[in-house]
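Residue-level structure breakdown
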Amino acid sequence: MIPIVFSTDHNYVMPTGVTILSLLKSSLTEQYRIYVIIAPDVTEEDKNLLREQVHIYSSESSIDFIEIGNEFESGFEIRGISMACYYRLLIPWLLPLYDKVIYSDVDIIYQFGLGEVFATDLQNNYFAGVNTSGFTSGSAVSHIKRLGLNCNTYINSGFLLINSLLQRQDNLQEKFKQLARKKFFFQDQDIINIVAKNRIALIDEMYNMSPSFIHPEPHSNKKYTIHYSGIKPWNGFTFCWIEWWEIYKASIFYDESRYFETSAKILSRKEFFKRFQRSIVYNLQKIFR
């Protein structure tokens, strides 16, 4: 079984279930040992829903929950991102049985299984991940350079292959905890890139693709791991929004009223002009990049 870890709080239980279902539906031969690190506000009902979603679709895969308490209560918060973002930093010590583990955010839709990427030889690297799409100009680049990092090797923390054995051997836990108290704009992502500097392997971008960078080609069957790191498709319009809704409608979390309310919002005239404006900005950025 492939060990994969998610992290959630009560507000993200539904997206967590949708992400897990997308993984199970798109995996042809892989089975998973699923772990969900949960915030204190996750209820028994929440856990039962996630269990049910896994068991309905896959009798071979399993799901377990890890309570982490207030381990990062003094961690820095910004942009409305909860403390749950820091939980991934402790995975090697929360799951000491594994030498290698996959971590995944819960705003992701999988279109293929993870057997091939899990087989990646991490060698002497602490992590493997995808170089962050779009971090090629502007304030993000300036921020990364101020941290003393290289934009070409700076990875997104939404999908990670973790060398748990090596991190435990080199005792990275205290470094992670200390840096979590500091005010980094990209929080855990900055911390991972700082601590693992020069010890990060890059994997193909298809494993963590921003929807705005996906441009389907006619007659192409290319698939991606779609990471909705910006606007969430369950709240409003974003590129590749329909891929998320197709999985949501097949999940036990499907709520017809949510479906119609969000669809009406996405199709409204106001939302159309927002999309049009964003499209212009995006294409201008591509021209002058």
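Scroll up for the structure.
The rules behind these values
Residues numbered from 1 in each chain as written. Predicted model: local features only at pLDDT ≥ 70, side-chain atom pairs only at ≥ 80, totals over all residues. Heavy atoms only, no water. Helix = DSSP H or I, 4+ residues; strand = E, 2+ residues; numbered from the N terminus. Buried < 20%, exposed > 50% of the residue type's maximum accessible area, 1.4 Å probe, protein only. Contact = heavy atoms within 4.5 Å. Areas by Shrake-Rupley, 256 points an atom, 1.4 Å probe, with all protein chains shown as cover. Pairing = 2+ DSSP bridges. Axes fitted to C-alpha atoms, helices over the stretch in contact; angles between N-to-C directions. Salt bridge = Lys/Arg side-chain N within 4 Å of Asp/Glu carboxyl O. Polar contact = N/O pair within 3.5 Å; in protein donor to acceptor, adjacent residues only side chain to side chain. Arc of directions from axis to C-beta. Parallel < 35°, antiparallel > 145°, perpendicular 65-115°, else oblique. Nonpolar A, V, L, I, M, F, W, Y, C, P; charged D, E, K, R; others polar.

1. A few points about the overall build of the chain
- A count of helices and strands for the chain gives eleven helices and nine strands.
- Buried positions account for 53% of the 289 residues belonging to the chain.
- A separation of at least 24 residues holds for 77% of the contacts in the chain among residues at least 6 apart in sequence.
- As displayed, the chain has an accessible area near 14400 Å², and 50% of this comes from carbon and sulfur atoms.

2. With respect to the sheet that holds strand β2 (residues 32-38)
- Pairing is mixed across the open sheet formed by seven strands, whose spatial order is β3-β2-β1-β4-β7-β6-β8. The outermost strands of the open sheet, each flanked by one partner alone, are β3 (62-67) and β8 (200-202). Direction aside, the axes of adjacent strands within the sheet are offset by 25° on average.
- Sheet analysis places strand β6 (residues 127-129) next to strand β7 (residues 159-163), joined by two bridges and oriented antiparallel. Residue pairing across strands places A128 opposite L161, the latter belonging to β7.
- Along the sheet face, helix α1 (residues 13-26) touches β1 (2-8), β2, β3 and β4 (100-104) and points at about 160° away from the line of β1.

3. Section: the pattern of salt bridges
- For the structure on display, the rule yields eight salt bridges.
- Salt-bridge contacts for K232 lead to D107; the nearest nitrogen and oxygen are separated by 2.5 Å. Here K232 is found in the loop between β9 (225-227) and α9 (241-250), whereas its partner D107 is found in the loop between β4 and β5 (108-110), with 125 residues between them in sequence.
- R199 is paired through a salt bridge with D170; the nearest N and O atoms lie 3.8 Å apart. Here D170 lies in the loop between α6 (164-169) and α7 (173-179) and R199 lies in the loop between α8 (187-195) and β8, a separation of 29 residues in the sequence.
- In this structure R199 comes out as partly exposed when scored by relative accessible area, which is 22%.
- When salt bridges with common partners are traced through the structure, they connect E44, K47 and E67 into a single cluster.

4. Things to note about the side chain of N163
- Relative to the helices and strands, N163 is located in strand β7.
- In terms of polar contacts, N163 uses its side chain to reach the backbone carbonyl oxygen of N125, at 2.9 Å.
- When near neighbours in sequence (up to four residues on either side) are disregarded, N163 contacts D99, L122, Q123, N125 and Y126.

5. Let's talk about helix α10 (residues 256-266)
- All buried positions along α10 are accounted for by T262, S263 and I266. The arc enclosing the buried residues of α10, seen along the axis, measures out at 105°, which places them on a common side. Exposed side of α10, more than 90 degrees from the buried face: F260 and E261 are the residues found there.

6. Re the packing of α9 against α10
- Put simply, α9 and α10 touch, their axes get as near as 12 Å, and they point 170° apart. By the angle between their axes, α9 is roughly antiparallel relative to α10. Counted together, W241, W245, Y248 and K249 of α9 and R258, Y259, T262 and I266 of α10 form the full contact between these two elements.
- Its residues placed into classes, the contact of α9 with α10 shows five nonpolar, one polar and two charged.

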